[in-house]
Amino acid sequence: MEISDLAKSIKRAKILAFSLIALIPTAYLVWFYFINDLSLSTDSSIWGTFGDFIGGILNPLIALLAFYWLTQSVLIQKTELSETQKVLKETEKAQKEQALTQEKKRFEDTFFSLLNQLNTVFDGLNERLLVMDRPQASKIMKLHSAVIKNGTGNTIEKRVAKMRESSSDTSHYFRVLYHILKFILENSRFDAEPMLFEAAVEKKVTRTEKFYSNIVRSFLNKEVIQLLAINCVVVDPLDPYYKYHQLVERYSLLEHLHIDAEWQKELFGKYDKSAFGEHPEVQS
């Protein structure tokens, strides 16, 4: 009910109440004094009876009006309470959406900052310097040649050892990559508190995780993926690289792994098939 309508209703109820209070004694007076030509009594007991009579008529009517407005006030309070609860729910929902938006923005700011750092490190590793006017192999290609191309007859374990002994520059690149993937795992649930690695890795991969990990994967070229596959070969859960291994499997980072030599097929036995996603070799 609108406030203006409520005010009009209250005003009409007041007029009705005062009208009844004035009308009933007046009607009684007209009937006995003017129509039946009866004189007014001087007996106080008769006037007391008259007062009881008027009160007996007016009291139920006034009580009925009071009951009506009591019920109306309850309905009005109920409506106002319902509207208040609705506003509070909408406010709470808006606050949650705002908090979610802010959390997502903080996540994306950090994510793209880490991704930019990863690309900056890679650009430095991929740069070909000139020596005597002759371009030299970049650091990433030197590492690729040492671990992947050369060393015919080397076991995967020896290649892993050689990979782990790589220069601090290339090691830094793979550490940054690990921290980006770990950040996605622990912080991509915007509507919940950040999770610890051990708890988060047990849960199903969310669409949000898949979205951001696919962005990261799109920045990994052929050589990096091959080196990553060697870098994360590990079986022992106590190995420092085991978490990296889990992230490679979780986000199918080896889906586009190029098999350039027969020995590389051994890598399929070093990971769960989830690491290779839709890789044709795994599917067949």
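The structure displayed is predicted, hence computed values, not measured ones. (Residues numbered from 1 in each chain as written. Predicted model: local features only at pLDDT ≥ 70, side-chain atom pairs only at ≥ 80, totals over all residues. Heavy atoms only, no water.)

Caption draft 1: Representation of the environment of L247. With respect to the helices and strands, the residue L247 is situated in helix α9 (residues 242–250). Looking at L247, the relative accessible area reads 0%, which means it is buried. In contact with L247, not counting residues within four places along its chain, are Y178, L181, K182, L185, F197 and L253. (Helix = DSSP H or I, 4+ residues; strand = E, 2+ residues; numbered from the N terminus. Buried < 20%, exposed > 50% of the residue type's maximum accessible area, 1.4 Å probe, protein only. Contact = heavy atoms within 4.5 Å.)

Caption draft 2: Expanded view of the pattern of salt bridges. Enumeration according to the criterion identifies twelve salt bridges in this entry. The closest approach of N and O atoms between D169 and K139, which form a salt bridge, is 2.4 Å. You can see D169 sitting in helix α5 (residues 168–187) and its partner K139 sitting in helix α3 (residues 139–149), a full 30 residues away along the chain. Judged by relative accessible area, D169 falls into the partly exposed class, the value being 32%. Its relative accessible area of 41% is what places K139 among the partly exposed residues. The structure contains a network of salt bridges with shared partners spanning R189, E209 and R250. (Salt bridge = Lys/Arg side-chain N within 4 Å of Asp/Glu carboxyl O.)

Caption draft 3: Highlighting the packing of aromatic side chains. Summed over the entire model, instances satisfying the criterion amount to twelve aromatic pairs. Judged by centre distance (4.9 Å) and plane angle (70°), the rings of F107 and Y212 are edge-to-face. Placement of F107 in helix α2 (residues 44–126) and of Y212 in helix α7 (residues 207–217) is noted, with a sequence separation of 105 residues between them. Measuring from ring centre to ring centre gives 5.2 Å for Y173 and F174, while their planes differ by 85°; the resulting arrangement is edge-to-face. Of the two residues examined, Y173 and F174, each falls in the buried class. We note R159 situated over the ring of W263; from NZ or CZ to the ring centre the distance is 3.8 Å. Note that K243 overlies the ring of F197, its terminal NZ or CZ placed 5.1 Å from the centroid. (Phe/Tyr/Trp six-rings, centres within 6.5 Å; stacked < 30°, edge-to-face > 60°. Lys NZ or Arg CZ within 6 Å of the ring centre and 35° of its normal.)

Caption draft 4: Representation of α3 within the structure. Within α3, the full set of buried residues consists of I140, L143, H144, V147 and I148. When α3 is viewed along its axis, its buried side chains cluster within an angular range of 100° and face the same direction. The outward face of α3, more than 90 degrees from its buried face, is lined by the exposed residues K142 and K149. (Arc of directions from axis to C-beta.)

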